[in-house]
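# Inside the fold
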Amino acid sequence: MKFFLDTANIKEIREGQQMGVLDGVTTNPSLVAKEGRAFKETVLEICEVVQGPVSVEVTATDLEGMLEQGRAYAKWNRHVVVKLPTTREGVKSCKALTQEGIKVNMTLCFSATQALLVAKAGATYVSPFVGRLDDISSNGITLVQEIVHIYKNYAYSTQVLAASLRHPMHVVEAALAGAHVGTMPFKVLEMMFHHPLTDLGLEKFAKDWEKANLKDLEKAMK
Ligand code: G3P
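What counts as what
- Residues numbered from 1 in each chain as written.
- Predicted model: local features only at pLDDT ≥ 70, side-chain atom pairs only at ≥ 80, totals over all residues.
- Heavy atoms only, no water.
- Axes fitted to C-alpha atoms, helices over the stretch in contact; angles between N-to-C directions.
- Helix = DSSP H or I, 4+ residues; strand = E, 2+ residues; numbered from the N terminus.
- Parallel < 35°, antiparallel > 145°, perpendicular 65-115°, else oblique.
- Left-handed = near helix turned anticlockwise from the far one by under 90°.
- Contact = heavy atoms within 4.5 Å.
- Nonpolar A, V, L, I, M, F, W, Y, C, P; charged D, E, K, R; others polar.

### Focus on the packing of helix α8 (residues 140-154) against helix α9 (residues 168-177)
The N-to-C vectors of α8 and α9 enclose an angle of 20 degrees; their axes lie 9 Å apart at closest approach. Here α8 is positioned roughly parallel relative to α9, judged by the angle of their axes. Of the two possible hands of crossing, α8 and α9 adopt the one that is right-handed. Residues Ile-141, Val-144, Gln-145 and Val-148 of α8 lie in contact with α9, whose contacting residues are His-170, Glu-173, Ala-174 and Ala-177. Among the residues forming the contact of α8 with α9, the class breakdown is 5 nonpolar, 2 polar and 1 charged.

### Describing the environment of Ile-10
In this fold, Ile-10 is placed in helix α1 (residues 10-19). Sequence separation between Ile-10 and Val-50 is 40 residues, and the spatial gap between their C-alpha atoms is 9.9 Å.

### As for unusual backbone geometry
At Ser-137, a position not held by glycine, the phi torsion is positive, near 60 degrees. Position of Ser-137 among the secondary structure elements: in the loop between α7 (130-135) and α8. Of note, the phi angle at Ser-164 is positive, near 55 degrees, even though the residue is not glycine.

### A few points about the packing of α1 against helix α3 (residues 39-50)
Packing of α1 against α3 leaves a shortest axis separation of 10 Å and a crossing angle of 10 degrees. By the criterion of interaxial angle, the relationship of α1 to α3 is roughly parallel. Together, Ile-10, Ile-13, Arg-14 and Gln-17 of α1 and Glu-45, Ile-46, Val-49 and Val-50 of α3 make up the contact between the two elements.

Shown next as structure tokens:
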């Protein structure tokens, strides 16, 4: 499973990169706006750090506008993946941009029917929003399972990018469902490291070591 960070915060992205587990980044207009920095400059810096796919979302909702923004973003850096909403116009834009060799991530996907449409239009990624479905008393992970199943049935090449993951168990469930990618906020990635038994175990090892008072560690390391 590939791990993407769902953030436009460069400090978080640098830290994720240093952890050695980061494969890409997803952004959206809300996340970019939160940083209060120039849009293009932010995207270019993220691409430089990640050296992997970086989803950059269009703000236009009409076909011409989406195509214009998508083509412009794609020229910024080879790592840019154009993020489009899963609407009728979005699917048309997906088909057109894909035919031009531009990678596309179809976002705001909330149903298996939408996922089928974007796969047929040649999307590189589909982004089912897990947490937002859970928010309305539906089941986001069930949707991820359905999409993975359908794509396997027809050998679609579109990758399932589980988004709106709010906690570590969402990541685990998305992995169990076979999602190709999980995109998560930095705090979720951090939470995945923690286990109280790891901390307790380390504490015990350190105490036992100290008690034994062995003097030969430095010598043994030479
Ligand atoms: O990748 C989509 C993500 O930003 C949405 O997450 O938590 O706002 O539903 P959330």
